[in-house]
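An overview of the molecular structure
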Amino acid sequence: TSPYFPFHALGFRCNPFRVLTDDEWADIAVLPDAVASVVESGFAHLQVLGPLGHGKTTTLLGLAARFRREGKRVVYEYLPVGQSQFHTSLSGLDVFLLDETQRLNRSERDRLLSAAQPAKGGLTLVLSSHHDLAPLFAKHGLPLTTVHLEETAAFDHLSAVLNRRLSYFALDKNAPGVILTPDAVRYLHETFGGNLRAMQYFLYEIFQRLKRKGAITADDLKDGLPK
């Protein structure tokens, strides 16, 4: 095993469950069926709700990449803890995606929704939040579609997410050196539910200790280290 490229022996460029950049998140994002259905049918404004770690950021970054491919003028902004204002200039945008919108103060929420009024150009808002913003949109007379990510944590979606991630970092994208068996995916689904962040941390540690190519089973995951 090369000390400089330790994961090459496993068939990967790096640990496939390491922390990702925003661009990498956008590349590997698998939109939940409920979100994909909303996008296909069309919406005026969209909020994505869910607890910490359930994929809100991934969903917004995936949507931003999709809208850019469609030729739309798009900006994504993340509001860190302690920040109650957004800094993006909304002039000329088609879509503004704001992550952790619940952190905005009252005046900033009003400023955001005022910019989305049809008379001001038809800006589309895609927001993630821990709090339901429907009453705020109703106050401003704006339609809003809501997707609850904790209700979309399906086995098939998780399988697609994990397979996309393994393929993305594989040296041979068509044949990753390590795969997760269906029973391993089911174990992860039953253990972590929709908490993809906690699952990622767990799998990162598994791959840090992994010494061989092949299939990882549910029993391997329960033991914490494939033999």
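Check the entry above for the structure.
The structure displayed is predicted, hence computed values, not measured ones.

A tally of regular secondary structure across the protein gives nine helices and seven strands. The dimensions of the protein, computed from C-alpha atoms along their principal axes, are 60 × 35 × 30 Å. Going through the 227 residues of the protein one by one, you find that 49% of them count as buried. By sequence separation, contacts in the protein at least 24 residues apart represent 68% of the contacts at least 6 residues apart. For the protein, the accessible area works out to roughly 11200 Å², and carbon and sulfur atoms hold 52% of it. Averaged over its 25 positive side-chain charges, the protein has a centre that lies 4 Å from the centre of its 24 negative ones.

As for its placement among the helices and strands, Lys120 is situated in the loop between helix H4 (106-115) and strand E4 (124-129). A relative accessible area of 58% places Lys120 in the exposed class.

Attention shifts here to the nonpolar core. Within the largest apolar cluster, 51 residues are counted, with the highest numbers of intra-cluster contacts made by Phe12, Leu63, Leu97, Val126, Leu162, Leu188 and Phe207. Ignoring any residue separated from it by four or fewer positions in sequence, one finds Leu63 in contact with Leu31, Val35, Val39, Leu46, Leu97 and Val126. In terms of nonpolar packing, the next biggest core, distinct from the first, is built from 18 residues, Phe86, Phe96, Leu113 and Ala115 among them.

Despite not being glycine, Glu100 has its phi angle at roughly 70 degrees, a positive value. Along the chain, Glu100 turns up in the loop between strand E3 (95-99) and H4. Taking the relative accessible area as the measure of exposure, Glu100 reaches 6% and is therefore buried.

Next up on the list: helix H2 (residues 33-41). Side chains that are three or four residues apart share a direction in an α-helix, a result of its 3.6 residues per turn. Where H2 is concerned, the buried positions are Val35, Val38 and Val39. Angularly, the buried residues of H2 cover 95 degrees about the axis, an arc narrow enough to put them on a single face. Exposed side chains of H2 directed beyond 90 degrees from the buried face belong to Asp33, Glu40 and Ser41. Against the buried residues of H2 lie strand E1 (46-49), helix H3 (56-69) and strand E5 (145-148). Of the residues one or two after H2, Gly42 is the one with positive phi, at around 95 degrees.

Bringing the packing of aromatic side chains into the picture now. By the definition in use, this model includes five aromatic pairs. Centre to centre, the rings of Phe17 and Phe207 are 5.3 Å apart; their planes meet at 50 degrees, and the pair counts as tilted. Taken together, the residues Phe17 in the segment before helix H1 (22-28) and Phe207 in helix H8 (residues 196-209) connect sequence positions 190 residues apart. Each member of the pair, Phe17 as well as Phe207, is classed as buried. Judged by centre distance (5.6 Å) and plane angle (50 degrees), the rings of Phe86 and Phe96 are tilted. In this pair, Phe86 is assigned in the loop between strand E2 (74-78) and E3 and Phe96 in strand E3, connecting sequence segments 10 residues apart. Of the two residues, Phe86 and Phe96, both sit in the buried class. One aromatic cluster is present, formed by Phe12, Phe17 and Phe207 through successive ring pairs. One Lys or Arg, Arg111, reaches over the ring of Phe86 and ends 3.9 Å from the middle of that ring.

In this structure, the largest pocket encloses a volume near 760 Å³. Considering the residues around the largest pocket, the lining is formed by 41 residues, among which Trp25, Gly55, Thr58, Leu196 and Arg197 are closest to the centre. Those elements that provide at least two residues to the lining of the largest pocket are H1, H3, E2, helix H6 (155-169) and H8. Split into classes, the residues belonging to the lining of the largest pocket amount to 21 nonpolar, 13 polar and seven charged.

A few words now on the packing of H6 against H8. For the pair H6 and H8, interaxial distance at closest approach is 13 Å and the crossing angle is 45 degrees. Between H6 and H8, the angle falls in the class oblique. As H6 runs across H8, the sense of the crossing is right-handed. Side by side, H6 and H8 meet where Leu158, Leu162, Arg165 and Leu166 of the first sit next to Leu196, Met199, Gln200, Leu203 and Phe207 of the second.

Conventions adopted
Residues numbered from 1 in each chain as written. Predicted model: local features only at pLDDT ≥ 70, side-chain atom pairs only at ≥ 80, totals over all residues. Heavy atoms only, no water. Helix = DSSP H or I, 4+ residues; strand = E, 2+ residues; numbered from the N terminus. Buried < 20%, exposed > 50% of the residue type's maximum accessible area, 1.4 Å probe, protein only. Contact = heavy atoms within 4.5 Å. Areas by Shrake-Rupley, 256 points an atom, 1.4 Å probe, with all protein chains shown as cover. Lys, Arg positive; Asp, Glu negative; His and termini not counted. Charge placed at Lys NZ, Arg CZ, Asp CG, Glu CD. Core = buried A, V, L, I, M, F, W, Y, C linked by side-chain atoms within 4.5 Å. Arc of directions from axis to C-beta. Phe/Tyr/Trp six-rings, centres within 6.5 Å; stacked < 30°, edge-to-face > 60°. Lys NZ or Arg CZ within 6 Å of the ring centre and 35° of its normal. 1 Å grid on protein atoms, 1.4 Å probe; cavity = no way out; pocket = protein on both sides within 12 Å on 5 of 7 lines; lining within 4 Å. Points joined across faces, edges and corners; volume = space filled by probe spheres on them. Nonpolar A, V, L, I, M, F, W, Y, C, P; charged D, E, K, R; others polar. Axes fitted to C-alpha atoms, helices over the stretch in contact; angles between N-to-C directions. Parallel < 35°, antiparallel > 145°, perpendicular 65-115°, else oblique. Left-handed = near helix turned anticlockwise from the far one by under 90°.

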